[in-house]
Amino acid sequence: MLVSLWLTGFGGMAAKLVLIGFWGVWIFPLVFRARLTGDGLVACLLLCGLIAIVGAGDGDSDEKLRLIGNLLILPLGLVCGICLGRDCLRVMVPALAVYLPVASVFQATHEGWRLNHPFLFLGLFVLACVMARPAYGVIGAISGIAVLLSQTRIAVLALVIVLLGRVRFSHAMTWLLGIPVLLGAMVMAAIWLPRLLMTHGSGRLAFWQMFWDDWLQADTVQQWLGFGAGSVEAVLQQLPSAAAFGALHNDHFRILFETGLIGIILWVMGWGMLIWLARGSRVAVCILASVAVTMVTDNTLSYGHYLICCGMAAGIAMREAVVENR
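For clarity, every value in this text was computed on a predicted model and none was experimentally measured.

Visitor: In this structure, what is going on with the overall build of the protein? I would like to understand it.
Guide: The helix and strand inventory of the protein stands at 16 helices and two strands. When each of the 326 residues of the protein is scored for burial, the buried share is 45%. Total accessible area computed for the protein in this model is approximately 16500 Å², and 70% of it derives from carbon and sulfur atoms.

Now the structure itself:
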């Protein structure tokens, strides 16, 4: 895992191959022997259907493989969490704990100083949420503070959503102590982390509108099957104004543009099925919901380590909920 983390600096594709290969080796025998039925079978069929749409659509072969690999990472983490349980933490948590202190720096931007790697810290925080005490408190607090220092608003929002899965609203101390602490944290954030409350034009809306217009003006085949894997980046590379933008920053819209109406229907149904499978654990539901929220304004599908951490944490929470209910 340390190797895969260091490889992210060289483009990410090699890192994802190591990531998928490492965990795939562990769970392949378990999955191979498993007999999928019911909801699990439906979820698997939805994923296979979306992959088939990507493979059969337009686009370069490398881009198709890249998108398919991205689509597999969260389900892979989910299966690892369900099958291996907290044994996943013995690999992922130490790797992140070694890598992040060494690779993290404060970066100066026109909006102030920000700590890098917000989604890796968020992944560590999510893993901490399914750890046993006291490690949960220590690692969760450190990684949570790091997410706040990144001043990445969507990451902070995702952190709050995950926290909602851990908070016990039936406890009196939650209301007596939690509300004052929350108000104090909000005041401190407003003073020391002003970017979290800033409103500025990032350019996202303009590019989303441009791609939406392109999709509306496309022929029927492209609207139903999409423009193909990699088409978003291909369009952006032709626009000088998009050089600093880099990507679409909306994975849900990207799926619609690249795989069409059929793809987005399978995508939405797949997310619905994941939430349905996790319904027995409030923590798991909140973790999966937080990932879906980050995909509204970011390129979360490209963040392999974050996705696999969230998948593992959700899977562990689902596994423990089943054990508790027996």
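Visitor: Sorry if this is basic, but what is going on with the packing of aromatic side chains here?
Guide: The geometry of an aromatic ring pair comes down to the distance between the two centres and the angle between the two planes. One pass over the structure, following the stated rule, counts nine aromatic pairs. Aromatic pair phenylalanine 119 and tyrosine 303: ring centres 4.8 Å apart, planes at 40°, arrangement tilted. Separated by 184 residues along the polypeptide, phenylalanine 119 in helix H6 (residues 118-128) and tyrosine 303 in the loop between helix H15 (282-297) and helix H16 (304-325) bring together distant segments of the chain. Owing to a relative accessible area of 26%, tyrosine 303 belongs among the partly exposed residues under this scheme. Taking the centre distance of 5.4 Å and the plane angle of 20° together, the rings of tryptophan 212 and tryptophan 215 count as stacked.

Visitor: Honestly, the pattern of salt bridges in this entry has me stumped. Any pointers?
Guide: This model, assessed by the stated rule, comprises four salt bridges. Glutamate 320 is the partner of arginine 86 in a salt bridge, and the nearest nitrogen-oxygen pair spans 2.6 Å. Residue arginine 86 is found in the loop between helix H4 (61-84) and helix H5 (89-103), and its partner glutamate 320 is found in helix H16; the two are separated by 234 residues along the sequence. Arginine 86 gets classed as partly exposed once you look at its relative accessible area, which sits at 36%. Across the salt bridge formed by arginine 90 and aspartate 87, the nearest N and O atoms sit 3.6 Å from each other. Since its relative accessible area comes to 41%, aspartate 87 is described here as partly exposed.

Visitor: Could you clarify how one ought to interpret the packing of H15 against H16 in this entry?
Guide: Geometrically, a packed helix pair is captured by the angle between its two axes and the distance between the axes. Closest axis-to-axis distance for the H15/H16 pair is 7 Å, and the angle between their directions is 160°. One way to sum up the angle between H15 and H16 is to call them roughly antiparallel. The interaxial crossing formed by H15 with H16 has left-handed handedness. Within the contact between the two elements, H15 uses Val283, Ala284, Ile287, Leu288, Ser290, Val291, Thr294 and Met295 and H16 uses Tyr306, Leu307, Cys310, Ala313, Ala314, Ala317 and Met318. Class assignment of the residues belonging to the contact of H15 with H16 gives a composition of 13 nonpolar, two polar and no charged.

Visitor: What exactly am I supposed to notice about the environment of proline 75 here?
Guide: Tracing the backbone shows proline 75 in helix H4. On the accessibility criterion, proline 75 (25% relative accessible area) is partly exposed. Residues proline 75 and alanine 43 lie 32 residues apart in sequence; the distance between their C-alpha atoms is 9.6 Å.

Visitor: Is there a simple way to think about the nonpolar core in this case?
Guide: Nonpolar side chains in soluble globular proteins tend to end up buried together. If you look at the biggest cluster of nonpolar residues, it comprises 87 residues, and the most contacted ones within it are Trp23, Leu127, Trp267 and Trp271. No other element matches the eleven residues that H16 contributes to this core. Ignoring any residue separated from it by four or fewer positions in sequence, one finds tryptophan 267 in contact with Leu50, Leu71, His252, Ile255, Met295 and Leu301.

Visitor: Hey, could you run me through the environment of valine 91 in this one?
Guide: As for its placement among the helices and strands, valine 91 is situated in helix H5. A C-alpha to C-alpha distance of 9.4 Å links valine 91 and leucine 2, two positions 89 residues apart in sequence. Excluding residues within four positions of it along the chain, valine 91 makes contact with Met1, Phe22 and Trp23.

Visitor: What's the story with unusual backbone geometry in this structure? I'm lost.
Guide: The phi angle of most residues is negative, glycine excepted, and most peptide bonds adopt the trans form. One non-glycine residue, glutamine 151, lies in positive phi territory at about 55°. Along the chain, the position of glutamine 151 falls in the loop between helix H7 (135-150) and helix H8 (153-166). A relative accessible area of 4% means that glutamine 151 is categorised as buried. The backbone phi angle of histidine 249 is positive, close to 60°, even though this residue is not glycine. Relative to the elements of secondary structure, histidine 249 occurs in the loop between helix H13 (231-237) and helix H14 (251-277). Classification of histidine 249 as buried rests on a relative accessible area of 14%.

Calculation notes
- Residues numbered from 1 in each chain as written.
- Predicted model: local features only at pLDDT ≥ 70, side-chain atom pairs only at ≥ 80, totals over all residues.
- Heavy atoms only, no water.
- Helix = DSSP H or I, 4+ residues; strand = E, 2+ residues; numbered from the N terminus.
- Buried < 20%, exposed > 50% of the residue type's maximum accessible area, 1.4 Å probe, protein only.
- Areas by Shrake-Rupley, 256 points an atom, 1.4 Å probe, with all protein chains shown as cover.
- Phe/Tyr/Trp six-rings, centres within 6.5 Å; stacked < 30°, edge-to-face > 60°.
- Salt bridge = Lys/Arg side-chain N within 4 Å of Asp/Glu carboxyl O.
- Axes fitted to C-alpha atoms, helices over the stretch in contact; angles between N-to-C directions.
- Parallel < 35°, antiparallel > 145°, perpendicular 65-115°, else oblique.
- Left-handed = near helix turned anticlockwise from the far one by under 90°.
- Contact = heavy atoms within 4.5 Å.
- Nonpolar A, V, L, I, M, F, W, Y, C, P; charged D, E, K, R; others polar.
- Core = buried A, V, L, I, M, F, W, Y, C linked by side-chain atoms within 4.5 Å.

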